[in-house]
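# Observations on the model geometry
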Number of protein chains: 2
Amino acid sequence: MTFPVVGMVGGGQLARMTHEAGIPLGIRFKLLSDTPQDSAAQVVSDVVVGDHRDLDTLRRFARGCDVITFDHEHVPTGHLRALEADGIPVRPGPDALEHAQDKGVMRARLDGMGVPCPRHRLVRDPADVAAFAAEGTGGTGSAGGTAGSGGADSAPGGAFPFPVVLKTVRGGYDGKGVWIVRSVEEAALPFRAGVPVLAEEKVDFTRELAANVVRSPHGQAVAYPVVESVQVDGVCDTVIAPAPGLAPARSAEAQQLALRIAEELGVIGHLAVELFETADGRVLVNELAMRPHNSGHWTQDGAVTSQFANHVRAVLDLPLGDPRPRARWTVMANVLGGDYPDMYTAYLHCMARDPQLKIHMYGKDVKPGRKVGHVNTYGDDLADVRERAAHAAGYLRGTIQE
Amino acid sequence: MTFPVVGMVGGGQLARMTHEAGIPLGIRFKLLSDTPQDSAAQVVSDVVVGDHRDLDTLRRFARGCDVITFDHEHVPTGHLRALEADGIPVRPGPDALEHAQDKGVMRARLDGMGVPCPRHRLVRDPADVAAFAAEGTGGTGSAGGTAGSGGADSAPGGAFPFPVVLKTVRGGYDGKGVWIVRSVEEAALPFRAGVPVLAEEKVDFTRELAANVVRSPHGQAVAYPVVESVQVDGVCDTVIAPAPGLAPARSAEAQQLALRIAEELGVIGHLAVELFETADGRVLVNELAMRPHNSGHWTQDGAVTSQFANHVRAVLDLPLGDPRPRARWTVMANVLGGDYPDMYTAYLHCMARDPQLKIHMYGKDVKPGRKVGHVNTYGDDLADVRERAAHAAGYLRGTIQE
């Protein structure tokens, strides 16, 4: 048997869907999962239950794996270096992954590359935040932002006081670890955990975009169409592929930006670059994720090769698959938990109403607000495609009754 | 957790791909596999290793399953009735499945329905075969064939002597259990095993077609486009969807025939109706299979809903998914084992040559002539789509070197 074993750290839905994508390639999949009930652990045969923060557990897990990759960014960088020193390929590697683990490191690096970012600074206390806010002169900051040294930032535009966005530099996701503070009093909260905090201007964006690319150790890279990501309450609600009305030149520019970041940071596998599009037509980098990403779930049914399949191909250094779309429009809508725990019964209506609907559930217990699945729809008529996705997601959640 | 558990009997590639298709639906999958190394056992978390011919094993396996379905037709009918008596839904049920298990039962039933079949008869010895051959008067037999009672069949056309096709009524697949005999001496071989044998005229067909349908307990049914199946040495080599040059009326007729068989036999799940198309434009039923089928593998990448996803939906009595094609042409080519055991290395060339290629490997050890995977290609230009599929299958097998 010459087929390799991919070791996946983390048992969430990204691991589950990566396993699904690896089955047709005949890849062996080995999972390190927190519990035997985790989303991916339900569907993978070779599961090690253990703590990804424990180096001995990681080392035991890595034995027999040909490569290690990730469902999340929470493995300590030092552990990843230790695995590499043991001779296990870690993809993406710790040098790249640190930029997705630590927002301070990420901002400093993107500044160094001259990549447009929101104005930002590492802050130590509410007084620091107030100073940062006072220095703002409005708008979305100049291209490249200002580096952590602070000082005389003088971007054009009106006053830039509060609100300010505060983020813990590590560990946040889906709006967790992010605060929008409107006063120096409100700015106290993020510091209570005693972890480093990054202050960012609250960008007056018109919409959020995402540029998804995949890169292999050989340096081959593919770029998916740039998508629009519609957020509700800080959580991704809907993704539209491609982003409606995005000029081809702007789209190509965002793809090239993501490819450049992937190359300069040495990313292996899938890289999601979350972007703000501003009213004056600029694009600023919001976040980086180095793994399959919610903004790429549409590719499962809407692209020739899904982000999951290409992530597997990349970490194994196989030639990458065609990232082009298979439909004019594809829409992904996240299914959040509602008050009604039985989503399976809702399948009857959803499937009967829309025989083209693609449901992707994660095997998670329903809790209000928890991402438990998503749906994909595709077609030629964007309004119809959006309506079908929104209806199914709403019906599964229980917010739509008919 | 309200999601059902689907019990799959048999650990082959059909089970593997059905599991893959069930993951997005959040379905729990439980497998009864001959060994822990079987194709599906490699990728399923909940595996019972045991013998599907043993009723106690089946009963132990069925505990905790909401429905039982199959990767193959080899479970004894009596055992299936026992499971049903225990209150476990068995889909397809034994009354339907018997027609896919026993070619004698199948022929008698199709005759009764007036479905066009090759001329046929159950035979006891070589003398019986010779008599059957002598009665033949050529052509492909009249619509409905002749029932097992034999006698004065007088189909139009020329002489119908040898060759005659002999088949064991149970247990054959992929050309195994099938003989084409050219003399009464050759006719002795199939009887050596002591199992019942069915004689059939050797139909002078121009090509083989397959009509694939899926039916649910509610009676909802969907029909996939009729495909052409190209056989080499009695084994399916290539499937072209839709069958090139098949008149729409003929295609609709074949679909309706398959839907009628599914309904009258009470099939639940996927039904493949293998057909002969004759020079004079008639269509005769060759074989029935009540499970996902090689002639439907193209649907994984070429249809809105794959045969595997629809099989899962059917056995769970969920509304069925859209069976329509996503591309003008989709071609499936089987990957057979060759002399070189390392197919993984061949991925490099295949993936680099064709970034749109869809590979589906089964995790099986390579043995010469063994089906170890398949590839799908799709596009607008049939010649190009066929060439790409044939190249990849040949390169993986080792019969094409560049």
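Within each chain, residues carry numbers counting from 1 in the order of the written sequence. Chains carry letters and ligands carry numbers; both start at the beginning, A for chains and 1 for ligands, and go up in the order they are written. For this predicted model, a pLDDT threshold of at least 70 governs which residues receive local features, and a threshold of 80 or more governs which side-chain atom pairs are given and counted, while totals over whole chains, interfaces and linings are taken from all residues. Side-chain descriptors were evaluated using all non-hydrogen atoms of the structure, hydrogens and water having been removed beforehand.

Attention now moves to the sheet that holds strand β2 (residues 28–33) of chain B. All names here are of chain B. Within the open sheet, the 4 strands sit side by side as β3-β2-β1-β4. Their pairing is parallel. Each edge of the sheet is formed by a strand with only one pairing partner; in this case those strands are β3 (46–49) and β4 (67–70). Averaged over all pairs of adjacent strands, the angle between their axes in this sheet comes to 25°, without regard to strand direction. For β2 and β3, the ladder comprises 4 bridges, and the chain directions are parallel. Residue pairing across strands places Ser33 opposite Val49, the latter belonging to β3. Between any two strands, pairing holds if DSSP finds at least two bridges. Comment: elements are numbered from the N terminus, with helices defined as DSSP H or I runs of at least four residues and strands as E runs of at least two. Only the stretch in contact is used when fitting a helix axis, every axis being a line fitted to C-alpha atoms; angles between N-to-C directions are given from 0 to 180 degrees.

Residues and elements named next belong to chain A. Their axes nearest at 10 Å, the elements helix α2 (residues 55–62) and helix α3 (residues 77–85) cross at an angle of 35°. As for how α2 packs across α3, the hand of that crossing is right-handed. Note on element contacts: α3 touches α2 through His79, Ala82 and Leu83, opposite Leu55, Leu58, Arg59 and Ala62. In this scheme the handedness of a crossing depends on how the near helix is turned from the far one: anticlockwise by less than a right angle means left-handed, clockwise means right-handed. For this analysis, residues touch if any pair of their heavy atoms sits within 4.5 Å.

Averaged over chain A, the pLDDT score is 91; the fraction of residues at 70 or greater is 93%. Below pLDDT 50 for its whole length, residues 138–160 of chain A participates in 60 contacts with residues either more than four positions away or in separate chains. What pLDDT reports is the predictor's confidence in each residue, on a scale of 0 through 100.

A few words now on the packing of aromatic side chains. Classification of ring pairs uses Phe, Tyr and Trp, with its six-membered ring standing for Trp, and accepts pairs whose centres are within 6.5 Å; under 30 degrees between planes counts as stacked, over 60 as edge-to-face, and the remaining range as tilted. The full count for this structure, using the stated rule, is 10 aromatic pairs over all chains. Ring centres of Tyr224(A) and Trp298(A) lie 6.3 Å apart, and the angle between their planes is 85°; this geometry places the pair in the edge-to-face category. Of this pair, Tyr224(A) sits in the loop between β10 (221–223) and β11 (227–232) while Trp298(A) sits in the loop between β14 (283–289) and α8 (299–302), and the two are 74 residues apart along the sequence. A residue is classified by how much of its surface remains accessible, and Trp298(A), at 1% relative accessible area, is buried. On the numbers, 5.2 Å between centres and 50° between planes, the contact of Tyr344(A) with Tyr347(A) is tilted. Highlighted residues: Tyr344(A) and Tyr347(A), both in helix α10 (residues 343–353), separated by 3 residues, approximately one helical turn. Comparing Tyr344(A) with Tyr347(A), the two get one shared label, buried. Taken together through their ring pairs, the aromatic side chains of Phe3(A), Tyr344(B) and Tyr347(B) make up a single cluster. As a reminder, the over-ring test applies to NZ of lysine and CZ of arginine, requiring each to be within 6 Å of the ring centre and within 35 degrees of the ring normal. Over the ring of Phe132(A) we find Arg119(A), and its NZ or CZ is 4.0 Å from the ring centre. Remark: exposure states derive from per-residue accessible area (1.4 Å probe, protein chains only) relative to the maximum for the residue type, with buried under 20%, exposed over 50%, and partly exposed in between.

Because an α-helix packs 3.6 residues into every turn, residues spaced three or four apart end up facing the same way. All names here are of chain A. Across the 8 residues of helix α4 (residues 94–101), 6 count as buried, placing the element largely inside the fold. Within the sequence span of α4, burial applies to Pro94, Ala96, Leu97, His99, Ala100 and Gln101. Where α4 is buried, its residues contact β4 (67–70), α3, α5 (103–113), α7 (248–265) and β14.

As a further point, take the sheet that holds strand β5 (residues 120–123) of chain A. Residue and element names in this part refer to chain A. Here we have 4 strands laid out as an open sheet, ordered β5-β8-β6-β7, and antiparallel in their pairing. Looking along the sheet, the strands with just one partner apiece sit at the ends: β5 and β7 (178–181). Pairs of neighbouring strands in the sheet enclose a mean axial angle of 25°, with direction left out of account. Running over the sheet, helix α6 (residues 126–135) touches β5, β6 (164–168), β7 and β8 (197–201) and is turned about 165° from β5.

This paragraph deals with the pairing of strand β16 (residues 358–361) of chain B. All names here are of chain B. Side chains Lys358 and His360 project from β16 onto one buried face, and the interleaved Ile359 and Met361 project onto a second face that is buried too. Strand direction decides the pairing type here: β16 and strand β17 (residues 371–379), joined by 4 bridges, are antiparallel. From the neighbouring strand, Met361 faces β17, where its bridge partner is Gly373.

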